[in-house]
Number of protein chains: 2
Amino acid sequence: MTDEDRRPPSRRIADQLREQIVQGGLKPGDRLPSERELAALHGAARNTAREAITILRNEGLVDAQHGRGAFVRQRPAFLRLGPARYSRRLRRETGLSPFRAELLQQGRQGHVDCTSVKRVRPPEDVAERLGVSSKTKTVVERENWYFAEDTPVQVCWTYIPVGIAAGSVLARNADLGTGSIYARLEDQGYPLASIREEITARMPTPVEVKGLATSPGVPVIELLHTSYDPEGVAFEVTRFVMRADVMTLDYTVPIEQ
Amino acid sequence: MTDEDRRPPSRRIADQLREQIVQGGLKPGDRLPSERELAALHGAARNTAREAITILRNEGLVDAQHGRGAFVRQRPAFLRLGPARYSRRLRRETGLSPFRAELLQQGRQGHVDCTSVKRVRPPEDVAERLGVSSKTKTVVERENWYFAEDTPVQVCWTYIPVGIAAGSVLARNADLGTGSIYARLEDQGYPLASIREEITARMPTPVEVKGLATSPGVPVIELLHTSYDPEGVAFEVTRFVMRADVMTLDYTVPIEQ
DNA sequence: CAGTGGTCTAGACCACTCA
DNA sequence: GAGTGGTCTAGACCACTGT
């Protein structure tokens, strides 16, 4: 009656499949009926069955694979990133970068590829946070790709004022050594005292879909990180783009009275 | 040559429109050519032009309106939510809830609707954080809808152990009074000392699309908030679901040495 | 090879918006 | 009423995956 029948067929088919997924009749990893099967089953055209599956893909519930079928999406083990990864103690004890240290704590493995280091004009929002001009090449940009067990999970671009990076390994694409980037920034006279992180989410661009091996229906988290020294001077900004399906951010913050 | 021509027509049309959008030839709020116009323009079927627009919608770049056309999406003014909104000082000075206090600071207006208060069995993850059983009705659940200038921006479900809420206004759907929920929790002997927030993003469910008046192509941020008293006892958990297109989370966190 | 999803065509009717 | 997006049909060919 009522709503049930007013729904267009593609919605009805989608709703029915979704029901089976959330109820557990279709489990993560299970294959859905093929588009042609679904169409025959519901007395509809194949495009209509296809539209139903598209709806579920856009909700992130289903993952279609060319030539294989459409599958109930598996949520990979979640990575957690919290501010604890920036602590000097952790850096000293493990000698690792924040990302790898955090992964290690969770009993996982990962690596980071630095794909480019160059001097650039900073984006507007980065320039603002660093207090430098966005008109000229005032910063060093380092591009990094992060992998957990060989699957890409995030990209980032780190911006460091030229005055801080110049002459140090920070301005070159070379091994950053023990303790990674924050240890080198400390060497330059900028110990990390506090961070600001601004977070939002959006759909990935086509480039990001390719690079992060994600699929439509999976958003990305965009995080703008700023590092401050004990005097409150911003000395580094990083823009992260993370696969939302594998990432949880985790903040514990004292509340000022 | 090469890649340009191997792309299917729908992609080519989408890429071309995207180019115009990011270059600025098509500005936020501008109407795209109609599906029929696009089809004629490219010598393709209407469905092909439509597919191109669907691609852009799924990227969150375009918003289609039945009977009116497809428009380059306007990013509404961003709301910022930071931990500062939980400070007792702000609560005392304004007498407002964290949400309205934060909005006020940004020169904006909003309101909150509490749509239900009942005793329930807590979800697994909530029970875990509160240290209560998820088998029985150990918590009071309060559902709230948040509006900024009359547009819905987030929903949340707040869970308070029955032992803390019972007998107080927290267990009833009534005006919470000056300072709102955290003032009442303080009255009950639980002043807020620190918070933990766990953040991820995903596509909205159909119910959320309807309730938050968002459209496909706009993800939601899911935030699990836990409140701790000075002894580190968790006394309240809230699950937020926020429209990612209007929301930025903003954390400033000291780094432990 | 058969079966799958990816894409396209050329129509059709409906529901909505706006003048 | 004209124009828009929303949905559907019944075909077709391609590209990919598996056996």
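Reading the values: the criteria
- Residues numbered from 1 in each chain as written.
- Chains lettered and ligands numbered in written order.
- Predicted model: local features only at pLDDT ≥ 70, side-chain atom pairs only at ≥ 80, totals over all residues.
- Heavy atoms only, no water.
- Helix = DSSP H or I, 4+ residues; strand = E, 2+ residues; numbered from the N terminus.
- Buried < 20%, exposed > 50% of the residue type's maximum accessible area, 1.4 Å probe, protein only.
- Contact = heavy atoms within 4.5 Å.
- Pairing = 2+ DSSP bridges.
- Salt bridge = Lys/Arg side-chain N within 4 Å of Asp/Glu carboxyl O.
- Phe/Tyr/Trp six-rings, centres within 6.5 Å; stacked < 30°, edge-to-face > 60°.
- Least-squares fit on C-alpha atoms with pLDDT ≥ 70 in both.
- Near = heavy atom within 4 Å.
- Polar contact = N/O pair within 3.5 Å; in protein donor to acceptor, adjacent residues only side chain to side chain.
- Nonpolar A, V, L, I, M, F, W, Y, C, P; charged D, E, K, R; others polar.
- Axes fitted to C-alpha atoms, helices over the stretch in contact; angles between N-to-C directions.
- Buried area = accessible area lost by both parts, 1.4 Å probe.

A. The side chain of E35 of chain B, seen in detail. Residues and elements named next belong to chain B. Along the chain, E35 turns up in helix α3 (residues 35-42). On the basis of relative accessibility, which here comes to 16%, the residue E35 falls in the buried class. Those residues in contact with E35 that lie beyond four places of it in its chain are R46, A49, R50 and I53.

B. How the structure looks around the pairing of strand β2 (residues 69-72) of chain A. The sheet contact formed by strand β1 (residues 62-65) of chain A and β2 of chain A spans four bridges and is antiparallel. Its bridge partner lying in β2 of chain A, Q65 of chain A is registered against G69 of chain A.

C. Summary view of the pattern of salt bridges. This structure, assessed with the given rule, holds 46 salt bridges over all chains. One salt bridge in this structure joins D250 of chain A and R80 of chain A, with 3.2 Å as the shortest N-O distance. Placement of the pair is D250 of chain A in strand β10 (residues 247-254) and R80 of chain A in strand β3 (residues 79-81), with a sequence separation of 170 residues. Looking at D250 of chain A, the relative accessible area reads 13%, which means it is buried. Taken together, the salt bridges that share partners define one network made up of R80 and D250 of chain A together with E128, R129, R196 and E198 of chain B.

D. Fine view of helix α6 (residues 98-105) of chain A. Residues and elements named next belong to chain A. Along α6, the positions that sit buried rather than exposed are P98, F99, A101, E102 and L103. Buried-residue contacts for α6 involve β3, α5 (88-94), β4 (110-120), β5 (139-148), β6 (151-161) and α9 (180-187). The first or second residue beyond α6 is G107, which carries a positive phi of 70°.

E. Representation of the packing of aromatic side chains within the structure. All names here are of chain A. One pass over the full model with this rule turns up nine aromatic pairs over all chains. Ring geometry for F99 and Y146: centres 4.7 Å apart, planes at 70°, overall edge-to-face. Taken together, the positions of F99 in helix α6 and Y146 in strand β5 put the pair 47 residues apart, joining distant regions of the chain. Following the ring pairs from residue to residue traces out a cluster consisting of F99, Y146 and F240.

F. Spatial organisation of the relation of the copies chain B and chain A. Note on the identical chains: chain B maps onto chain A by a rotation of 180° and an axial translation of 0.0 Å, with an RMSD of 0.1 Å. Each copy turns onto its partner about a two-fold axis. Interface overlap between copies: 100% of the residues of chain B at the interface are likewise at the interface in chain A, consistent with a symmetric, same-surface contact.

G. Up close: the protein's contact with DNA strand C. What surrounds DNA strand C is a group of 26 residues, the closest being R50 of chain A together with P9, S10, A45 and T48 of chain B. Contacts to DNA strand C include S10 of chain B, whose side-chain N or O atom sits 2.7 Å from a phosphate oxygen. Within the contact set of DNA strand C, a phosphate oxygen lies 2.8 Å away from a backbone nitrogen or oxygen of A45 of chain B. Elements that contribute at least two residues to the surface near DNA strand C include exactly α3 (35-42), α4 (46-58) and β2 of chain A together with α2 (9-23) and α4 (46-58) of chain B. When residues in the surface near DNA strand C are grouped by element, the largest group, four residues, is from α4 of chain A. Counted by class, the surface near DNA strand C contains five nonpolar, 11 polar and 10 charged residues.

H. Representation of the protein's contact with DNA strand D. Residues in contact with DNA strand D amount to 26 residues; listed here are only the nearest, P9, S10, A45 and T48 of chain A together with R50 of chain B. Among atoms of DNA strand D positioned within 4 Å of the protein, sugar and phosphate together represent 61%. A45 of chain A is positioned such that a nitrogen or oxygen atom in its backbone is 2.8 Å from a phosphate oxygen of DNA strand D. Among the secondary structure elements, those contributing two or more residues to the surface near DNA strand D are α2 (9-23) and α4 of chain A together with α3, α4 and β2 (69-72) of chain B. Sorting elements by how many residues they give to the surface near DNA strand D places α4 of chain B first, with four residues. Looking at the surface near DNA strand D residue by residue, the classes come out as five nonpolar, 11 polar and 10 charged.

I. Representation of the sheet that holds strand β8 (residues 220-228) of chain A. The strand order across the open sheet built from eight strands is β4(A)-β5(A)-β6(A)-β9(A)-β8(A)-β7(A)-β10(B)-β3(B), with neighbouring strands paired in mixed fashion. Across the chains shown, the open sheet's two edge strands, defined by having one partner strand only, are β4 of chain A together with β3 (79-81) of chain B. Across the sheet, the mean angle separating the axes of adjacent strands is 20° when strand polarity is ignored.

J. Seen up close, the interface of chain B and chain A. In this assembly, 41 residues from chain B lie in contact with 41 residues from chain A. Roughly 3,700 Å² of surface becomes buried between chain B and chain A when both sides are summed, with 53% attributable to carbon and sulfur atoms. If you look at where chain B meets chain A, you find four salt bridges. The shortest N-O distance in the salt bridge between R80 of chain A and E198 of chain B comes to 3.1 Å.

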